[in-house]
Amino acid sequence: MKRFQLFAFFLLAPLNAHAGDVSIGVLGLFHPREIVVAPRAGHVLECSAGGKRWTVTTPLRLRFGAARGKMIVDDNAAPVTAVRCDDGQNGPAEFSVAVPQKISRRYAGKLEVEAQPHELVVAIKMEMEVAVASVVAAESPPEAPMEALKAQAVAVRSFLAAGKGRHRGFDFCDTTHCQFLREPPTPGSPAARAAAETSGMVLAFQDEVFAAMYSASCGGKTHSLEELGIPVRDYPYFAVPCEYCHRHPERWVATLTAEDAAGLKGTESSRLKLARKLGWQTFPSNSYSTHRQGDQVLVKGTGSGHGIGLCQRGAVDMARQGASFQQILEHYYPNTTVKRLP
């Protein structure tokens, strides 16, 4: 079994940034005009709206009202613009939010629902470590070893700590535009343990925490921001080899019209534009080559995702070969340190 030397980059000096809570917009892909909120059995849920506060014991129905930017609460006559719910002591509660006939998810935090002109906007203000564990559970490959999960947890926490404010009204969404988030994992689960065992740890470059990026599969080599035409704001990233993806590449092939192929500039923005037009599975990564075939262009590629930062497949393999989460982070984020948030 291959082993790894321990790099002397793991420092636990505190940063000026703080962990705090994070606000995550949820279920936005469904553009809900009606939701149902229900407290978890045995838990308290108190809500407030229009200057009134009450304890919720049965499912609470919120629906988009006839008036622009208003919602109706349980068929009460007076419409309101916002509803907020917590445990009755301004702390996190446990509850579910459902979009009828579409989806229901469980959350832990403080609920904020606002009526926008065309839909209800649902956000959960949750503790940092709850958010980290929830994202790790949703984003990580199945059966990932603990050291790979811990590396993922540090990257996730760094993104949450440094990337706030990506959306109007809340910090992050629950899709891959920010970080995929589902329900909080059960206590003692691998994702919960990974978050707990790395609690407060973040990645820093030149003593500043940065919003760490990662992808599912890099195709054999990660990319720098410069390679993909992305401006450098906090950490430049570096192109590093990934042995596992080099040996076991995830291959894909796409056939494009000459017009579509002409839009390829080798940048992340050109890939995203084409993927939005043709489908995400048609053009899944930034590692590819093109070959003209008559009036069409054959594109052969490897990997999945933008290929920046930590490669999840490579991290899993490094962990299985005996690498610690610190060594995984050092490999995929060169010239960084791990520090602890207050």
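Residues numbered from 1 in each chain as written. Predicted model: local features only at pLDDT ≥ 70, side-chain atom pairs only at ≥ 80, totals over all residues. Heavy atoms only, no water.

S.K.: I keep staring at the layout of surface pockets and nothing clicks. Help me out?
M.R.: Where empty space is left in the structure can be found by rolling a water-sized probe over the atoms. Roughly 1,400 Å³ of volume is contained in the largest pocket. Elements with a contribution of two residues or more to the lining of the largest pocket: helix 1 (128–139), strand 15 (214–215) and helix 6 (268–278). When residues of the lining of the largest pocket are assigned to their parent elements, the largest contribution, four residues, is made by helix 6. Within this model, the second largest pocket holds a volume of roughly 350 Å³. In terms of lining residues, the second largest pocket is bounded by 19 residues, among which E94, A108, V130, P184 and P185 are the most central. Here the lining of the second largest pocket is built from residues that sort into twelve nonpolar, two polar and five charged. (1 Å grid on protein atoms, 1.4 Å probe; cavity = no way out; pocket = protein on both sides within 12 Å on 5 of 7 lines; lining within 4 Å. Points joined across faces, edges and corners; volume = space filled by probe spheres on them. Helix = DSSP H or I, 4+ residues; strand = E, 2+ residues; numbered from the N terminus. Nonpolar A, V, L, I, M, F, W, Y, C, P; charged D, E, K, R; others polar.)

S.K.: Honestly, the packing of helix 2 (residues 146–162) against helix 8 (residues 325–332) in this entry has me stumped. Any pointers?
M.R.: For any two helices packed against each other, the geometry is given by the interaxial angle and the distance between the axes. Running from amino to carboxyl end, helix 2 crosses helix 8 at an angle of 55 degrees, the nearest separation of the two axes being 8 Å. Relative to helix 8, the element helix 2 is oriented oblique. In the crossing of helix 2 with helix 8, the sense of the turn from one axis to the other is right-handed. From helix 2, E147, A148, K150, A151 and V154 reach across to helix 8, where they touch F325, Q326, I328 and L329. (Axes fitted to C-alpha atoms, helices over the stretch in contact; angles between N-to-C directions. Parallel < 35°, antiparallel > 145°, perpendicular 65-115°, else oblique. Left-handed = near helix turned anticlockwise from the far one by under 90°. Contact = heavy atoms within 4.5 Å.)

S.K.: What should I look at first to understand the side chain of Q179 in this one?
M.R.: For Q179, the position within the fold is in the loop between strand 12 (172–173) and helix 3 (190–197). Exposure remark for Q179: the relative accessible area of 4% places this residue in the buried category. Those residues within four positions of Q179 in sequence are excluded, and the remaining contacts are V135, E139, V156, F159, L160, C173, D174 and Y214. (Buried < 20%, exposed > 50% of the residue type's maximum accessible area, 1.4 Å probe, protein only.)

S.K.: In this structure, what is going on with the sheet that holds strand 16 (residues 251–257)? I would like to understand it.
M.R.: Hydrogen bonds along the backbone pair up the strands of a sheet, which may run parallel or antiparallel. Spatial strand order, 16-18-17: three strands in an open sheet with antiparallel pairing. This sheet does not close on itself; its edge strands, each paired only once, are strand 16 and strand 17 (287–293). This sheet shows a mean twist of 20 degrees between the axes of neighbouring strands, independent of strand direction. (Pairing = 2+ DSSP bridges.)

S.K.: Please explain the pattern of salt bridges as it appears in this structure.
M.R.: In a structure, side chains of opposite charge can pair up when their charged atoms sit close to one another. In this structure the tally under the stated criterion is 20 salt bridges. Across the salt bridge formed by D86 and R53, the nearest N and O atoms sit 2.5 Å from each other. Linking D86 in strand 8 (residues 82–86) with R53 in strand 5 (residues 52–55), this pair joins segments that are 33 residues apart in sequence. Accessibility expressed as a relative area gives 9% for D86, which makes it buried. Through salt bridges with shared partners, a single ionic network connects E34, R61, R63 and D75. (Salt bridge = Lys/Arg side-chain N within 4 Å of Asp/Glu carboxyl O.)

On their own, these measurements won't tell you what the molecule is for.
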